[in-house]
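The primary structure of each chain is shown beneath.
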Amino acid sequence: MRLILLFLFSLQLSFSQNLVLQGVNVVPVNTNTIIKGCDVFIKGGKIEKIIPASSLPYAKNYTVVDCQNKYVMPGLADMHAHFPDEKSPIQLQEYLKLNLAAGVTTIRSMRGEEYQLALRDSVRSQKKVAPNIYVSYVLSDKDSLWTKDSVEKIVSNAKLKKYDFLKYLGGINATNMNYLVESCKKNKMSIAGHAYNRSLLRSVDAGFTSVEHYQPVLGLYMKDSLSFNKNIALLKEKQTALCPTLSFYHVYSFRFTNEELLKRNGMQHVSKKVSDEWMKEYSEAVSGTQKQMGDNFETKYKASYQKQFSDFNRVFKKMTDDGVLMLLSPDDGFFNVPGFSMVEEMKLYKQAGLTNYQILKAATLNAAVYFKEDKSWGSIAVGQKANLLLLNANPLENIDNVSKVEGTILNGKYYSQKELLK
Ligand SMILES: [Zn+2]
């Protein structure tokens, strides 16, 4: 079934399109500025030149997109994505399409599977229209399966199969972790994922390239707020990135009304069947938790999440200001519409006090920095890959404006959101 899907996503493919985004306001993201009224030339999938807007007619072999009053920024990177599984109400083809329609041009798949490697390669060779994908090899959390030799076999095999990185879920005792770290060094593989032993510092120690979810940061801060500045410096020095995935937990904190859930960004683009199924799952989760918590549901469950969020927000802003590399993803789960819920995550970053510029960076350039590919994507400059997002309003002025998508440019080809969603 997976193989068939590869051929289904059948938007028209063309080898290269020469484009001019005419009269566009550029949000380059590598600096906190906006360059008003530009003509952005795109050729061979890359940004060829950026000049002041001109009314002169262009050479015939350029397709002109009228971008008066529009804003172009780098395409978004969802850095903690889960591809749909058999039980997901949204299936793979729809998942990729929604992502693209929301302006996501890069996906880091945290639940990698072998079929995703072929998908990634066909996207890279432009045989398929979908966001660029990085695939994880998910490590087993069963220590009993591990020996020095088996660790080496797992890592070198993942390397051979061309997985992009290893995802750490949980488990693995100290001896096996040492084998793993050694083997990763030898095979030039990186590890990212949940905090090792739930400890941010141990993960940094093991050389994790990123640590997922907000709890490890909060845990460390609560345990030892005095050495927190020292720890921030350590994260910067080791270049450990953080991906807090707040949106997932905010939904699970049950703080939203049903009406608010149904209004989340992108809900207008999912079918009634999906929305009904999510509401059913959600109601079951609420009543299940209520049953389990009894009288403590409001005072302990809901209130303790709110306290965690506000405690985390303070640390989050400080770490961002101090230059820790922040990534962005809403994670998976009900009412997180693929791609579109990136904006929901951005709003939570805003609530934490991050500036719009810091948020845009986390959603674009920081991802490219994380992959050490910022020389080729993640900002708008001559020579960069033309994976871009065209908006109808200024995202630096209001972060909600990232939801006002006009179209997505992928490998230098323009797709209007309407065309993608029809
Ligand atoms: Zn996840």
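Calculation notes
- Residues numbered from 1 in each chain as written.
- Predicted model: local features only at pLDDT ≥ 70, side-chain atom pairs only at ≥ 80, totals over all residues.
- Heavy atoms only, no water.
- Buried < 20%, exposed > 50% of the residue type's maximum accessible area, 1.4 Å probe, protein only.
- Helix = DSSP H or I, 4+ residues; strand = E, 2+ residues; numbered from the N terminus.
- Contact = heavy atoms within 4.5 Å.
- Pairing = 2+ DSSP bridges.
- Axes fitted to C-alpha atoms, helices over the stretch in contact; angles between N-to-C directions.
- Core = buried A, V, L, I, M, F, W, Y, C linked by side-chain atoms within 4.5 Å.
- Donors = N, O, S within 2.8 Å, 3.2 Å for Na, K, Ca; no water.
- Polar contact = N/O pair within 3.5 Å; in protein donor to acceptor, adjacent residues only side chain to side chain.
- Salt bridge = Lys/Arg side-chain N within 4 Å of Asp/Glu carboxyl O.
- Parallel < 35°, antiparallel > 145°, perpendicular 65-115°, else oblique.
- Left-handed = near helix turned anticlockwise from the far one by under 90°.
- Nonpolar A, V, L, I, M, F, W, Y, C, P; charged D, E, K, R; others polar.

Caption draft 1: Main features of helix 13 (residues 342-351). A large share of helix 13 lies buried, amounting to seven of its ten residues. For helix 13, the complete set of buried residues consists of Met342, Val343, Glu344, Glu345, Met346, Leu348 and Tyr349. In the core, the buried residues of helix 13 are packed alongside strand 6 (76-81), strand 7 (104-109), helix 9 (246-252), helix 12 (296-321) and helix 14 (356-363). Backbone geometry just downstream of helix 13 places Gly353 in the positive-phi region, at approximately 100°.

Caption draft 2: Region of interest: the sheet that holds strand 8 (residues 132-138). In space, the seven strands of this open sheet follow the order 6-7-8-9-10-11-12, with parallel pairing throughout. Across the chains shown, the open sheet's two edge strands, defined by having one partner strand only, are strand 6 and strand 12 (241-243). Across the sheet, the mean angle from the axis of one strand to that of its neighbour is 25°, orientation sign disregarded. Judged from the four bridges that link them, strand 6 and strand 7 form a sheet pairing that is parallel. Pairing of Ala81 across the sheet is with Ser109, part of strand 7.

Caption draft 3: Local environment of the nonpolar core. One finds Leu180 and Met319 to be the most contacted residues of the largest nonpolar core, which totals 106 residues. In this structure Met319 touches Val217, Phe228, Ile232, Leu235, Leu242, Val324 and Met326, once residues within four positions along its chain are discounted. Ile42, Val65, Val72 and Ile380 belong to the second largest nonpolar core, which has 17 residues in total.

Caption draft 4: Fine view of the coordination of the zinc ion. Taken together, the protein donors to the zinc ion comprise His80 (NE2) and His82 (NE2), at separations of 2.0 to 2.1 Å. Of the residues examined, His80 reaches a relative accessible area of 1% and is grouped as buried.

Caption draft 5: View of the side chain of Ser109. You can see Ser109 is positioned in strand 7. By relative accessible area, which is 0% here, Ser109 ends up buried. Side-chain polar atoms of Ser109 contact the side chain of Gln116, separated by 2.7 Å. Apart from the residues within four sequence positions on either side, Ser109 is in contact with Ala81, Phe83, Gln116, Ile133, Tyr134, Val135, Ser136 and Phe165.

Caption draft 6: How the structure looks around the pattern of salt bridges. Counting across every chain of the model gives 17 salt bridges. As a salt-bridge pair, Asp332 and Arg111 come within 3.9 Å of each other at their nearest N and O atoms. In this pair, Asp332 is assigned in the loop between helix 12 and helix 13 and Arg111 in the loop between strand 7 and helix 3 (114-124), connecting sequence segments 221 residues apart. Judged by relative accessible area, Asp332 falls into the partly exposed class, the value being 33%. Judged by relative accessible area, Arg111 falls into the partly exposed class, the value being 27%.

Caption draft 7: Here's a closer look at the side chain of Asn356. With respect to the helices and strands, Asn356 occurs in helix 14. Ignoring anything within four residues of it in the chain, the contact list for Asn356 reads Lys350, Pro395, Leu396, Glu397, Asn398 and Ile399.

Caption draft 8: Geometry of the packing of helix 13 against helix 14. Across the interface, helix 13 lies against helix 14 with an axial gap of 10 Å and an inter-helix angle of 140°. In this view, helix 13 runs oblique relative to helix 14, as classed from their interaxial angle. The interaxial crossing formed by helix 13 with helix 14 has right-handed handedness. Mapping the contact onto sequence places Met346, Tyr349 and Lys350 in helix 13 and Asn356, Ile359, Ala362 and Ala363 in helix 14. Class assignment for the residues of the contact of helix 13 with helix 14 results in five nonpolar, one polar and one charged.

Caption draft 9: Layout of the pairing of strand 3 (residues 46-52). Two elements, strand 2 (residues 35-43) and strand 3, share six bridges in a ladder whose sense is antiparallel. Among the inter-strand pairings, Cys38 is bridged to a residue of strand 3, identified as Pro52. Here strand 2 folds back onto strand 3, and the loop between the two strands holds two residues, one of which, Gly44, carries a positive phi near 60°.

Caption draft 10: Unusual backbone geometry, seen in detail. Phi is positive for Asp331, which is not a glycine, with a value near 70°. Following the sequence through the fold, Asp331 ends up in the loop between helix 12 and helix 13. Backbone geometry at Lys372 places phi at a positive 55°, although glycine is not the residue there. Looking at Lys372, the relative accessible area reads 66%, which means it is exposed.

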